[in-house]
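Structure at a glance
Each chain is listed here by its residues.
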Amino acid sequence: MAAKLSAVLDVHHCNISYPSDKNQPPHFTSPLRISTKKFTIFCTSSKSPPKTAPGKAESRKRKTPSLSEQLKPLSNTILSDRPNESHQLLSKPKSVWVNPTKPKPSVLSLQRQKRSSYSYNPQIRDLKHFAKKLNDCDPADDAAFQAILEEIPHPPNRDNALLVLNSLRSWQKTLLFFNWIKTLNLFPLETIFYNVTMKSLRFGRQFQHVENLANEMIENGVELDNITYSTIITCAKRCNLFDKAVQWFERMYKTGLMPDEVTYSAVLDVYAKLRKVEEVMSLYERGRASGWKPDPIAFAVLGKVFGEAGDYDGIRYVLEEMKSLGVQPNLVVYNTLLEAMGKAGKPGLARSLFEEMLDSGITPNEKTLTALIRIYGKARWAKDALELWDRMRLNGWPVDFILYNSLLSMCADLGLEEEAERLFEDMKGSESRKPDSWSYTAMLNIYGSGGNADKAMRMFEEMSEKGVELNVMGCTCLIQCLGRAKRIDDLVQVFESSVNGGIKPDDRLCGCLLSVVSYCEGEDVNKVLACLHKANQNLVAFIKSLEEEDTKFENVKQEFKGILSNTAVDARRPFCNCLIDIFRNRNLRERAHELLYLGTMYGLYPGLHTRTEEEWRLNVRSLSVGAAHTALEEWMQTLTKLVQRREALPEVLSASTGAGSHKYSQGLANAFASHAEKLAAPFKLREDKAGGLFVATREDVISWVQSRAASLASIA
DNA sequence: CTAGGGTTAG
């Protein structure tokens, strides 16, 4: 979709044609055009805005540039070339207008469209009853519907028809009723009739019907107003037809209608859905420059955009902007920003924002609490998570099914087995919140990561008894657990029944099988490999070829590259880690070194080795035990060469293993310590520092290398 | 869903 929209922006909409409409007012005189000029003040270089490409000259001749044309110079000259400056620029919107004598160009109407008020309809009871009959009739039976229509209790005049139209539920019936009114031809169908019908169609995600009605309005000379356009735009958005949404927005300007803030923020959200941060900001800035004081909904859209980009500066910008405009965030804005904080990896700031929200007198809802619980779980902030859970109960804050499941997942993240069991039992006892596949997955995750294979298997059996389907994540948790318990026959059985039950193994499941291969022995290896073969043939073929002594490095490289490029980004490093472990455990260390080399080359271990003048550090926190051993050996070899060549070393050499924040983490620090001991390497754990840091001085390393060289020499 | 815009789960 994103590609589609950018294509639309690039071709400047030359190919869009609308039905002729004669009754349109004259085009607006370029509400946005001035901005091209205006924005040159933001350019630090003295260059003028980029020239339009020759092929696009024609579209420039139009009286009113399309929105995309107007956006383009902006994003070319300012935003996309200097992404880091954008916030700095955006934080000073008031500086945009250098010449106060010129009127501000307007991109939106500061006045919201007025709605006509309904007058009381004395026939309301009869007509509601009639509408109910229409709603209740068999949707497949058109004849029955027609028959009921004939029995309308009062004449279908304007007000009566409107009332019924508003009361129909399904889009099919709304459309049938609308067409019936049209054929009766008792009064002209005004805009509101189209708007009400479109709203119903939008509910049914029927964009084609909506667009047909819009074109009919144009043909019949019925005015399209802001309500029409915002309904069309949001309908296109819900149907993921973003290019259509933009087309209709641009049509407003072309026909001389100015969007109000509702239509405008609907379009902001279109660009937000496309993750076009620059376009969102440029629209926002233009709106601001037109004197718009955005309301909380517009800020919620901005917050979402930055959250999805994980852009903390952007989130802060939204908060500051609201503050400086005196806009008080509402519940939805807080929810959006909290979630954004989570995506930007700022649990502490999420926590303080939540407190700020409470201080301002807003009561959290299910979404607020789901977001926070999830953030604390992912951050492994057990204390805050449990505290929040207590407060939820104490204050009687609202809870729903998703929140229950999120609490279970949080327990899985934190290894809170008892709490999860209690909650799970609660859910079973309730009528409305029976555990579903999400709930069972969380339980499988808890038992799986806790190594409790019996309880995990009991969950698995219970699921099939209750008819709750296992999903791929639950399957992965279970297989991981059975693998660790060395219950390989059970593992095979679970895998096969899952695949037969329709689960499509994903890369995470393959990674899980691969890790089981790395630590099991004998015939078990082949059993697991047979499962893996069903999920990913290439991976098994790759392992087989690495086992062959005469497979050349160049072939390893090509095959591994092929494997990685077919693997989800998140699963690439785990794959490489497991493969290294597999070959270390089989005493094929050379293969392990090759794989680590290739993994580093393909960017799976960024920052594996970092250097400053004083310190060189090996960062193995994202490595498996075998990969960490391999990396340490590799590093020692390198250091040995450097010492022998009498090259300069920094004062401090260190290795960082990470503390292993997960309750069940394998203890990379311990494994590393024992390996260093085996090599008699002089790395000592710094007890005073958190996060598993092993440190050696330059002198220790030099003397260690020399003594090793001496002992090797004496053996020779 | 009483004509229009924004927020919940591996």
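Residues numbered from 1 in each chain as written. Chains lettered and ligands numbered in written order. Predicted model: local features only at pLDDT ≥ 70, side-chain atom pairs only at ≥ 80, totals over all residues. Heavy atoms only, no water.

As recorded in an unreviewed UniProt entry, chain A goes by Pentatricopeptide repeat-containing protein At5g46580, chloroplastic-like and comes from Coffea arabica.

With respect to the overall build of chain A
Secondary structure assignment for chain A yields 36 helices and five strands. In chain A, buried positions account for 49% of the 716 residues. Considering only intrachain contacts with a sequence separation of at least 6, the fraction spanning at least 24 residues in chain A is 71%. A total of about 35,900 Å² of accessible surface is found on chain A, and carbon and sulfur atoms cover 51% of it. (Helix = DSSP H or I, 4+ residues; strand = E, 2+ residues; numbered from the N terminus. Buried < 20%, exposed > 50% of the residue type's maximum accessible area, 1.4 Å probe, protein only. Contact = heavy atoms within 4.5 Å. Areas by Shrake-Rupley, 256 points an atom, 1.4 Å probe, with all protein chains shown as cover.)

Remarks on the pattern of salt bridges
This structure, assessed with the given rule, holds 39 salt bridges. A salt bridge links Arg112 to Asp295; the nearest nitrogen and oxygen atoms lie 3.5 Å apart. Highlighted residues: Arg112 in the loop between α5 (86–90) and α6 (124–136) and Asp295 in the loop between α15 (277–289) and α16 (296–308), separated in sequence by 183 residues. Close ionic contact of Glu421 with Lys455 constitutes a salt bridge, the shortest N to O distance being 3.0 Å. Taken together, the positions of Glu421 in helix α23 (residues 417–429) and Lys455 in helix α25 (residues 453–466) put the pair 34 residues apart, joining distant regions of the chain. According to the relative accessible area criterion, Glu421 is partly exposed, its value standing at 23%. (Salt bridge = Lys/Arg side-chain N within 4 Å of Asp/Glu carboxyl O.)

Here's the deal with the protein's contact with DNA strand B
Residues in close proximity to DNA strand B total 52 residues, the closest being Lys199, Asp260, Asn335, Arg374 and Thr441. The protein-proximal atoms of DNA strand B, defined as those within 4 Å of the protein, are 39% sugar or phosphate. In this structure, a base nitrogen belonging to DNA strand B sits 2.5 Å away from a side-chain N or O atom of Asp260. In this structure, a base nitrogen belonging to DNA strand B sits 2.8 Å away from a side-chain N or O atom of Asn330. Of all the secondary structure elements, the ones that give two or more residues to the surface near DNA strand B are α10 (191–203), α12 (226–238), α14 (261–273), α16, α18 (331–343), α20 (366–378), α22 (401–414) and α24 (437–450). (Near = heavy atom within 4 Å. Polar contact = N/O pair within 3.5 Å; in protein donor to acceptor, adjacent residues only side chain to side chain.)

Some words on the UniProt feature "repeat: PPR" (unreviewed entry) in chain A
Under the local residue numbering, the UniProt record ascribes the feature "repeat: PPR" (unreviewed entry) to residues 225–259, 260–294, 295–329, 330–364, 365–399, 400–434, 436–470 and 471–505. Helix makes up 74% of residues 225–259 and strand 0%, and the two end C-alpha atoms of the span are 9 Å apart. Annotated as 77% helix and 0% strand, the span residues 295–329 places its first and last C-alpha atoms 9 Å apart. (UniProt positions renumbered as here; feature names shortened; annotations may be inferred.)

Here's the deal with the pairing of strand β5 (residues 693–697)
Across the five residues that make up β5, a large majority, four, are buried. With five bridges connecting them, strand β3 (residues 652–656) and β5 associate as antiparallel partners. From the neighbouring strand, Ala655 faces β5, where its bridge partner is Phe694. Relative to β5, strand β4 (residues 684–685) is paired through two bridges, and the arrangement is antiparallel. What sits directly across from Lys684, in β5, is Val695. (Pairing = 2+ DSSP bridges.)

Some thoughts on the packing of aromatic side chains
Applying the stated criterion to the full structure yields 16 aromatic pairs. Judged by centre distance (5.4 Å) and plane angle (80°), the rings of Tyr264 and Trp292 are edge-to-face. Within this pair, whereas Tyr264 is found in helix α14, its partner Trp292 is found in the loop between α15 and α16, the two being separated by 28 residues in sequence. A relative accessible area of 1% places Tyr264 in the buried class. The exposure class assigned to Trp292 is buried, which follows from its relative accessible area of 3%. An aromatic cluster of three or more residues is present, and its members are Phe249, Tyr253, Tyr264, Tyr284, Trp292 and Phe299. (Phe/Tyr/Trp six-rings, centres within 6.5 Å; stacked < 30°, edge-to-face > 60°.)

Observations regarding the packing of α23 against α24
Packing of α23 against α24 leaves a shortest axis separation of 11 Å and a crossing angle of 155°. Relative to α24, the element α23 lies roughly antiparallel. Once α23 is placed against α24, the crossing between them reads as left-handed. Contacts between α23 and α24 involve Glu417, Ala420, Glu421, Phe424, Met427 and Lys428 on the former and, on the latter, Ser439, Tyr440, Met443, Ile446 and Tyr447. Residue composition of the contact of α23 with α24, grouped by class: seven nonpolar, one polar and three charged. (Axes fitted to C-alpha atoms, helices over the stretch in contact; angles between N-to-C directions. Parallel < 35°, antiparallel > 145°, perpendicular 65-115°, else oblique. Left-handed = near helix turned anticlockwise from the far one by under 90°. Nonpolar A, V, L, I, M, F, W, Y, C, P; charged D, E, K, R; others polar.)

Let's talk about the pairing of strand β2 (residues 615–619)
Across three bridges, strand β1 (residues 609–611) lies against β2 in antiparallel orientation. If you follow His609 over to β2, its bridge partner there is Leu618. What sits between the antiparallel neighbours β1 and β2 is a turn of three residues. Two elements, β2 and β3, share five bridges in a ladder whose sense is parallel. By the bridge assignment, Asn619 is partnered in β3 with Ser656. Regarding the hand of the β-α-β motif, the stretch spanning β2, helix α34 (residues 625–644) and β3 is right-handed. (Right-handed = clockwise from strand over helix to strand, strands pointing away.)

A short note on α23
Compared with an ideal rise of 1.5 Å per residue, which puts 13 residues at 18 Å, α23 spans 18 Å between its outermost C-alpha atoms and is within 8% of the ideal. Among all positions in α23, only Ala420, Leu423, Phe424, Met427 and Lys428 are buried. Projected onto a plane normal to the axis of α23, the buried residues spread over an arc of 145° and lie on a single side. Facing away from the buried side of α23 by over 90 degrees, the exposed positions are Glu418, Arg422, Asp426 and Gly429. (Expected span 1.5 Å × (residues − 1). Arc of directions from axis to C-beta.)

Remarks on the side chain of Glu594
Position of Glu594 among the secondary structure elements: in helix α33 (residues 589–601). Here Glu594 is in contact with Phe553 and Val556, once residues within four sequence places are set aside.

Brief notes about the sheet that holds β5
Overall, mixed pairing links the five strands, which are arranged β1-β2-β3-β5-β4 in an open sheet. Each edge of the open sheet is held by one strand with a lone partner, namely β1 and β4. Its contacts with the sheet put α34 on β1, β2 and β3, and the angle it makes with β2 is roughly 155°.

Quick notes on α14
Here α14 contains 13 residues, and its C-alpha end-to-end distance of 18 Å stays within 8% of the 18 Å for a straight helix at 1.5 Å per residue. Residues of α14 that are buried include every one of Glu261, Thr263, Tyr264, Ser265, Ala266, Val267, Leu268, Asp269, Val270, Tyr271 and Ala272, and no others. One or two residues past the end of α14 sits Arg275, with phi positive at roughly 60°.

Examining unusual backbone geometry
One can expect most non-glycine residues to show negative phi and most peptide bonds to be in trans. Phi at Asn240 takes a positive value of approximately 60°, unusual for a residue other than glycine. Inspection of the secondary structure puts Asn240 in the loop between α12 and α13 (242–254). By relative accessible area, Asn240 is classed as partly exposed at 43%. Despite not being glycine, Arg646 has its phi angle at roughly 55°, a positive value. With respect to the element layout, Arg646 can be found in the loop between α34 and β3. For Arg646, a relative accessible area of 75% puts it in the exposed group.

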